[in-house]
Amino acid sequence: MKTSRQILPGVKAIHWLDCRHLPRRVDLHGICRMPVPVLTALSAVGVFDDAQCSCVTEREGGSFQDTATLKFLTHELLPIHLKLGFAVTDVNGRCWLIGSKEPPFPKVKVEHRCGLPDGDGAGFFYEISHVALKSLVECHISAE
């Protein structure tokens, strides 16, 4: 088994979106290295602390699978009842999409943090993971 890891150089902005409004077969766009057009409204997430985004690709024989992970801390409670997707802008200005119109959808774990005396902020800690054929795909945002 061969494993490779992609780490975004730094997260500048995070937006959430409803996966129902994405084009079909986002993973195929990623495999072909074609940016996915995001034609839906995005909602900005006010992130504090250092957000992190990475993707691990495992290849065995002729098949492969990606696992994208996004972690951030915010004061906002996101609408996790929706099938959420995330657009992540890195410090180089490139935008990356985590999500798809079809299952599997990103899994969203949320943990309420009260803040600690050593300086950790209070808020909601989110860990998003998406396992798909291609889970971190470059995108082009057309509507905000």
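Note: the structure precedes this text.
Below, the structure is looked at part by part.

Calculation criteria
Residues numbered from 1 in each chain as written. Predicted model: local features only at pLDDT ≥ 70, side-chain atom pairs only at ≥ 80, totals over all residues. Heavy atoms only, no water. Pairing = 2+ DSSP bridges. Helix = DSSP H or I, 4+ residues; strand = E, 2+ residues; numbered from the N terminus. Axes fitted to C-alpha atoms, helices over the stretch in contact; angles between N-to-C directions. Disulfide = S-S within 2.5 Å. Buried < 20%, exposed > 50% of the residue type's maximum accessible area, 1.4 Å probe, protein only.

## A look at the sheet that holds strand β2 (residues 11-18)
The strand order across the open sheet built from 6 strands is β3-β11-β8-β7-β2-β4, with neighbouring strands paired in mixed fashion. Unpaired on one side and paired on the other, β3 (36-38) and β4 (43-45) mark the two borders of the sheet. With strand direction ignored, the average angle separating the axes of adjacent strands in the sheet is 40°. Pairing of β3 with strand β11 (residues 137-141), which is carried by 3 bridges, proceeds in the parallel orientation. Note on β11: the bridge partner recorded for Val36 is Cys139.

## Quick look at the state of the cysteines
Two cysteines joined by a covalent bond between their sulfur atoms form a disulfide. Going through the model one piece at a time under the given rule, you end up with 0 disulfides. Cysteine Cys55 is unpaired, with the sulfur of Cys53 as its nearest cysteine sulfur at 7.9 Å.

## Focus: unusual backbone geometry
Cis peptide bonds are those with omega within 30 degrees of zero, and the linkage from Pro103 to Pro104 qualifies with 5°. Structurally, Pro104 is set in the loop between β8 (95-98) and β9 (107-113). For Arg25, which is not glycine, the phi torsion reads 55° and is therefore positive. Positive phi, close to 60°, is recorded for Arg33, a residue that is not glycine. On the secondary structure map, Arg33 appears in the loop between α1 (26-31) and β3. For Arg33, a relative accessible area of 77% puts it in the exposed group.

## Quick look at the pairing of strand β5 (residues 47-60)
The sheet contact formed by strand β1 (residues 2-7) and β5 spans 6 bridges and is antiparallel. Across the sheet, the residue bridging to Thr3 is Glu58, located in β5. Relative to strand β6 (residues 63-74), β5 is paired through 11 bridges, and the arrangement is antiparallel. Its bridge partner being in β6, Val56 is matched across the sheet by Thr67. What sits between the antiparallel neighbours β5 and β6 is a turn of 2 residues, in which Gly61 has the positive phi angle 65°.

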